[in-house]
Amino acid sequence: LAVPGWTRSRRTLGAVSASGAAVMPSLRMFGRDWKVAVDDLAVYAGVAGLWHVVWVIVEIVFLARATAESDQPCIDSEIHLFTWYMSVDIVCFLLYALLLFYTLRGSILDVGARKPAIYILYGISAIYTFLLVINIAASVLKNQFVAPCQDAHRERLALAIFICHWIFWGVWALAALLAFDPFATTSVEQRYAARLWLLKCCSAGASEARPGAAEHIGEICDRAYSTQDEKMESSTPMSQIGALMTLVFTGVDMTTTDYATALILVRNAQRMDREDALAAGVGKPEVAPIPLDMLEDAAHYLPHALSIYGWASNVLNKQDIAAWGCGASCVAPCTGKDVHVGDNMLFSSKNMTIQGVKVMTKSNPETDLLYMSWDNEIQGLLPYYICIDRPRREVIISVRGSLSAADWMTDLLVLPVEVDANFLGCDPSSMVAPEDVKIETTASRRRLISAHKGMLGCAKTIAADLRRHKVLDAVLKSDQHAREALKHDIYKQDCSDHQLVVVGHSLGAGVAALLALHLRSVYPGTRCWAYAPPGGLMSPELSAAMRDYCTSVVCGRDLVPRLSLSNMEILARQMIECSARCKQPKVRVILHPGKKWKRDDLFKPEAEMSADARKTLEAYMRNSGSSHCAGGKVIEARDFLTPGKLLYYEANDSDIADALVFTPQFVDNKEFAKNGMLISTFAVDMHMPWMYQMAVDKALDDAHRGLPSTRVEVAKLEGTCYAPEAAAQTTQQAETDIEAAGGRPS
């Protein structure tokens, strides 16, 4: 990145100080950590201070009127009560003004500049405790100072002041409750696991909580990633995810706004890099045209990958949901007990999903939709369907991507596990070219064939479900026993000359790739189209072995295909370094997320770093290169790639969706992974279904209107199309052949 002294180490493990304490402490009061940092309170301090000023003015007006009417019997009690209220408001205003001043001092890591704010917060807590006492006393004695007065206007004003101060206290108590961290006394790993359990509405006790500070990274790695892997594999999914998150962010005690601000800083640094490259005249290499047939395939299979999302896909693709009526096709055989599994969705939602398949894929559910499952489990069954694509003479399996909390838990189970021979249908070593074979040692436990644990579990479960229901055997193998067991005429169709294609988007893409890997041993010729597959899916050797039959499609700056454990570690390091060199207060950065900062306005040179920021950065650097986990499974997960060959739809730098231009090209998976995670406003949007639909449609339209050199037979690029140089040579030869044949086609 464009900051002084920038490095791009790929072995970041998190950071802890020499004593094991977190190097980026959040707010610490009353002997415990809170979910906010001091500089998170700037806006709250400003609004609260202004609110107290307003009521000081109101109380001055009230007391002035009360003093002028000294003949009323209730005047003395009113004056005493509201003098106390005004005193509290004045003190609160002064304290909030001081708090605002100190919260705006320094950048994210300059915690020393904001240290006095802690004592101010103690003072505010004491004042609000005193305010509670006044409110209780006023509630008890309310009739004594309001009822005797006959002035209705002053009575309403007094009641308003009284109620508003109860609101003051309630807002403060609510803010304290929201900032309270119930897991502050447990280890970092247990905090992540407990929060994930809460997300799933389950018990927070994934593992026994222990008081004290965060565990040392060596202890965490010994339990999670050492050669004692059985401890990790036998723990709950939540505990496994907690250990993985700890590995990346151990010791980086950042609040939510710290993460957001650091990501904004990284995005600006990456933008500065691109601008510097353009200013230096660094151009992009020439892109070889992609075969038109391949672009047509990408556009054809995408609706299948998206339609399984059901009504959500319709909404995300910004279509008219009223068009998804539930007619006769909604009660097709796929809703019968023989062909549908699970009952965890409303029937109307199931009908809309079936109708969505009809609308998006132009298929007929009554004759083409063979099977649909709605079951959704962590590391288990995902919703998927099987249908016939008659024009192409194919049977398509579509696996749904992330759409529930269970899916997100599966996404995070990135612990690598071995892909065994039973799943592959062959010896794993036979899938690896001799030059790719690495010597396996007991110390490193290096596995040649391994994959994402959560997605491999889903692929295995879906494979078992396919075997149990025998739908594929009935239509692809004309298995009479399977047809008799299914008991429906739809399965008597002879599709033995059809090819099997597995598709999916996001999580579904990763599962589809692994499922295709298994199905090829049963149904030779199985192919896979994986849209937006996760970057940390499988070992490089396995990815290379799938190049002939699996195509990964990535759109622009999509975050998910870049989301691997290695890139997460790099991103964590980038966030720490950019935060250390930031010269702006957090609130100023986060309130202007889209601002294009100049380098001199946002980042300071190393010589100008504060002592706190320098200490934090040095501690992080000192620990980031450590090798506590060198012998564990995490080594394999760092190398994981997307499956097969990678078709990348590169997008221009426009921030307007309609102005985006996509250039399809083949890129090397390893080089793609080395580029790290690109932080931008489109990083999440690019993952959405409508962006992929826009990318493939625009690229295909441009190809139809562009050079005919894109009309190269896919077979001519077989085995080499993942290499841009080979693709360029093949394309040039194809153009020569066309010209020699008598001209160029229209």
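Residues numbered from 1 in each chain as written. Predicted model: local features only at pLDDT ≥ 70, side-chain atom pairs only at ≥ 80, totals over all residues. Heavy atoms only, no water.

1. Concerning the overall build of the protein chain
Alright, step 1. When you go through the protein chain residue by residue, the secondary structure sums to 28 helices and 13 strands.
Alright, step 2. With 746 residues in all, the protein chain has 53% of them scored as buried.
Alright, step 3. When contacts within the protein chain are restricted to residue pairs at least 6 apart in sequence, long-range pairs at least 24 apart make up 77% of them. (Helix = DSSP H or I, 4+ residues; strand = E, 2+ residues; numbered from the N terminus. Buried < 20%, exposed > 50% of the residue type's maximum accessible area, 1.4 Å probe, protein only. Contact = heavy atoms within 4.5 Å.)

2. Some words on the packing of aromatic side chains
Alright, step 1. Taken as a whole and judged by the stated rule, the model has 14 aromatic pairs.
Alright, step 2. Each ring, one from W166 and one from W169, has its centre 6.4 Å from the other, and the planes form 85 degrees; the classification is edge-to-face. With W166 and W169 both in helix α5 (residues 152-179) and three residues apart, the pair spans about one turn of that helix.
Alright, step 3. Exposure remark for W166: the relative accessible area of 30% places this residue in the partly exposed category.
Alright, step 4. Of the residues examined, W169 reaches a relative accessible area of 22% and is grouped as partly exposed. (Phe/Tyr/Trp six-rings, centres within 6.5 Å; stacked < 30°, edge-to-face > 60°.)

3. Comments concerning the packing of helix α11 (residues 292-307) against helix α27 (residues 689-705)
Alright, step 1. Orientation of α11 relative to α27, taken along the N-to-C sense of each, is 155 degrees, at an axis distance of 10 Å. With respect to their mutual orientation, α11 and α27 come out roughly antiparallel. In terms of crossing hand, the pair formed by α11 and α27 is left-handed. Side by side, α11 and α27 meet where L292, L295, E296, A298, A299, L302, P303 and L306 of the first sit next to P689, Y692, Q693, V696, A699, L700, A703 and H704 of the second.
Alright, step 2. Of the residues contributing to the contact of α11 with α27, the split by class is 13 nonpolar, two polar and one charged. (Axes fitted to C-alpha atoms, helices over the stretch in contact; angles between N-to-C directions. Parallel < 35°, antiparallel > 145°, perpendicular 65-115°, else oblique. Left-handed = near helix turned anticlockwise from the far one by under 90°. Nonpolar A, V, L, I, M, F, W, Y, C, P; charged D, E, K, R; others polar.)

4. Here's the deal with the pattern of salt bridges
Alright, step 1. Per the stated rule, a full pass over the model turns up 19 salt bridges.
Alright, step 2. Notably, a salt bridge pairs R705 with D701, separated by 3.1 Å at the nearest N-O pair. Of the two residues, R705 and D701 are both situated in helix α27; the distance of four residues between them amounts to about one turn of the helix.
Alright, step 3. Given the relative accessible area of 60%, R705 is considered exposed.
Alright, step 4. Taking relative accessible area as the criterion, D701 reaches 39% and is therefore assigned partly exposed.
Alright, step 5. Residues participating in the shared-partner salt-bridge network are D39, D40, R114, D258 and K586. (Salt bridge = Lys/Arg side-chain N within 4 Å of Asp/Glu carboxyl O.)

5. Points about helix α10 (residues 256-279)
Alright, step 1. Here α10 spans 35 Å end to end across 24 residues, near enough to the 34 Å set by a 1.5 Å rise per residue.
Alright, step 2. Regarding α10, the residues found buried are D258, T261, A262, I264, L265, V266, R267, N268, A269, Q270, R271 and M272.
Alright, step 3. Against α21 (565-581), α22 (586-590) and α23 (599-602) lie the buried residues of α10. (Expected span 1.5 Å × (residues − 1).)

6. A look at the environment of M254
Alright, step 1. For M254, the position within the fold is in the loop between α9 (237-249) and α10.
Alright, step 2. A relative accessible area of 10% places M254 in the buried class.

7. Thoughts on the packing of α10 against α21
Alright, step 1. Contact geometry for α10 and α21: axes closest at 9 Å, N-to-C directions at 90 degrees. Classified by the angle their axes make, α10 and α21 are roughly perpendicular. Between α10 and α21, the residues in contact are Y259, A262, L263, L265, V266, A269 and Q270 and L571, Q574, M575, C578 and S579, respectively.
Alright, step 2. Taken together, the residues that form the contact of α10 with α21 break down as nine nonpolar, three polar and no charged.

8. Details of a nonpolar patch on the surface
Alright, step 1. Together, L159, I163, I167 and V171 make up an exposed nonpolar region whose accessible area comes to about 330 Å².
Alright, step 2. By secondary structure assignment, the location of L159 is in helix α5.
Alright, step 3. Note on L159: relative accessible area 39%, which makes it partly exposed. (Patch = residues over 30% accessible without salt bridge, like charges linked within 9 Å, V, L, I, M, F, W, Y side chains within 5 Å. Areas by Shrake-Rupley, 256 points an atom, 1.4 Å probe, with all protein chains shown as cover.)

9. Thoughts on unusual backbone geometry
Alright, step 1. Despite not being glycine, K362 has its phi angle at roughly 60 degrees, a positive value.
Alright, step 2. Structurally, K362 can be placed in the loop between α13 (347-361) and β4 (369-373).
Alright, step 3. For K362, a relative accessible area of 72% translates into the label exposed.
Alright, step 4. For S478, which is not a glycine, the phi torsion comes out positive at approximately 55 degrees.
Alright, step 5. In this fold, S478 is placed in the loop between α17 (471-476) and α18 (480-486).

10. Digging into the nonpolar core
Alright, step 1. Core analysis: the largest hydrophobic core is formed by 54 residues, its most contacted members being I386 and I397.
Alright, step 2. Here this core gets 10 residues from one element, more than from any other, and that element is helix α19 (residues 507-519).
Alright, step 3. Leave out the neighbours within four places in its chain, and I397 touches Y384, Y385, I386, L466, L472, L500, V501, V502, V503, L515 and L519.
Alright, step 4. With 49 residues, the next largest nonpolar core counts A298, M372, A651 and V696 among its residues. (Core = buried A, V, L, I, M, F, W, Y, C linked by side-chain atoms within 4.5 Å.)

11. Some thoughts on the pairing of strand β5 (residues 384-389)
Alright, step 1. Most of β5 is tucked away, with six of its six residues classed as buried.
Alright, step 2. Residues Y384, I386 and I388 line one face of β5 and the alternating positions Y385, C387 and D389 line the opposite face, and both faces are buried.
Alright, step 3. Note that β4 and β5 share four bridges and pair antiparallel. Directly across from M372, in β5, lies its bridge partner Y385.
Alright, step 4. Bridge count between β5 and strand β6 (residues 394-399): six bridges; the pairing is antiparallel. Residue pairing for β6: I386 is matched across the bridge by I397.
Alright, step 5. The turn joining β5 and β6, which pair antiparallel and follow one another in sequence, is formed by four residues; a positive phi near 55 degrees is taken by R393. (Pairing = 2+ DSSP bridges.)

12. A closer look at the pairing of strand β10 (residues 527-531)
Alright, step 1. Buried residues dominate β10, accounting for five of its five residues.
Alright, step 2. Judged by which residues are buried, β10 turns out to be covered on both faces: R527, W529 and Y531 on one side and C528 and A530 on the other are all buried.
Alright, step 3. One ladder, built from five bridges, connects strand β9 (residues 499-505) with β10; its direction is parallel. Its bridge partner lying in β10, H505 is registered against Y531.
Alright, step 4. At this point the chain moves from β9, through α19, to the parallel β10, and the crossover so formed is right-handed.
Alright, step 5. In terms of strand pairing, β10 meets strand β11 (residues 550-555) through four bridges, oriented parallel. (Right-handed = clockwise from strand over helix to strand, strands pointing away.)

13. Concerning α11
Alright, step 1. Taking 1.5 Å as the rise per residue, α11 with 16 residues should run 22 Å; its terminal C-alpha atoms sit 24 Å apart, in good agreement.
Alright, step 2. Extensive coverage of α11 is indicated by the burial of 13 of its 16 residues.

14. Brief notes about the side chain of R400
Alright, step 1. Inspection of the secondary structure assignment puts R400 in the loop between β6 and α14 (405-412).
Alright, step 2. Accessibility expressed as a relative area gives 7% for R400, which makes it buried.

15. Topic: the confidence of the model for the protein chain
Alright, step 1. Residues at a pLDDT of 70 or more form 67% of the protein chain, whose mean pLDDT is 74.
Alright, step 2. pLDDT under 50 marks residues 318-347. Its contacts with residues more than four places away, or in other chains, come to 71 contacts. (pLDDT = per-residue confidence, 0-100.)

16. Here's the deal with the environment of L121
Alright, step 1. For L121, the position within the fold is in helix α3 (residues 116-140).
Alright, step 2. The class for L121 is buried, based on a relative accessible area of 11%.
Alright, step 3. For L121, the contacting residues outside a window of four places in its chain are L27, M29, L41 and L99.

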